[in-house]
Amino acid sequence: LSSSISFADKQEIDKKINEMLITLNLQEVELDFAIEKISKLSNIKITKQDIPKEIPKITINLKDLSVVSAIKSITKITRLSYEISDNSIIIKGNK
């Protein structure tokens, strides 16, 4: 039974990150601020793991993009990676 709940949760987050569209315009902001904004707009938990201290500030202008596209944009700018896990997204440093 728990695996079917887990599967349903996985389907729900996949649907949210791929189908929900967000618009976001950020100028020279910290990574934490950008992640918080995307998390609030999408209602998806986004966490960080092994992030280096020196991350450049982010400037992005996203219009009607999926949550996963927004995360891809941020990770490309910052040279980080991401993983979708259970009902959240994890932004990771590259080891």
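For the structure, check the block above.
The numbers attached to residues start from 1 for each chain and follow its sequence in the written order. In keeping with the predicted nature of the model, local features appear solely for residues at pLDDT of at least 70, side-chain atom pairs appear and are counted solely at 80 or more, and the whole-chain, interface and lining totals rest on all residues. Calculation of side-chain values draws on the structure's entire complement of heavy atoms; hydrogens and water are dropped beforehand.

**Student:** Is there a simple way to think about unusual backbone geometry in this case?
**Tutor:** Apart from glycine, the bulk of residues carry a negative phi angle, and the bulk of peptide bonds sit in the trans form. For N43, which is not a glycine, the phi torsion comes out positive at approximately 60°. The phi dihedral of R79 falls on the positive side, at around 60°, and the residue is not glycine. Helix and strand definitions follow DSSP, with helices as H or I runs of at least four residues and strands as E runs of at least two, each counted in order from the N terminus. Mapped onto the secondary structure, R79 falls in the loop between α3 (67-78) and β4 (81-85). Exposure categories follow from relative accessible area, calculated using a 1.4 Å probe and restricted to protein chains: below 20% of the type maximum is buried, above 50% is exposed, and the middle band is partly exposed. Residue R79 is classed as exposed on the basis of its relative accessible area of 69%.

**Student:** What should I look at first to understand the nonpolar core in this one?
**Tutor:** Judged by nonpolar contacts, the single largest core of 23 residues is most densely connected at I38 and V67. Of all elements in the fold, only β1 (21-29), α2 (31-42), β3 (58-66), α3 and β5 (88-92) reach the threshold of two or more residues within this core. Pairs of residues are marked as contacts when any of their non-hydrogen atoms sit within 4.5 Å. If sequence neighbours within four positions are ignored, I38 has contacts with I22, L24, I46, V67, A70, I71 and I74. We call a set of buried Ala, Val, Leu, Ile, Met, Phe, Trp, Tyr and Cys residues a nonpolar core when their side-chain atoms join them within 4.5 Å.

**Student:** Honestly, the pattern of salt bridges in this entry has me stumped. Any pointers?
**Tutor:** Should the charged atoms of two oppositely charged side chains come close, the side chains can pair. Between Lys or Arg on one side and Asp or Glu on the other, a salt bridge is scored when a side-chain nitrogen of the former is within 4 Å of a carboxyl oxygen of the latter. Enumeration according to the criterion identifies four salt bridges in this entry. Of the charged contacts in the structure, one is a salt bridge between K57 and E30, with a shortest N-O distance of 3.7 Å. Of this pair, K57 sits in the loop between β2 (45-49) and β3 while E30 sits in the loop between β1 and α2, placing them 27 residues apart in sequence. Its relative accessible area of 43% is what places E30 among the partly exposed residues. The salt bridge involving E83 is made with K92; its shortest N-O contact spans 2.6 Å. According to the relative accessible area criterion, E83 is partly exposed, its value standing at 32%.

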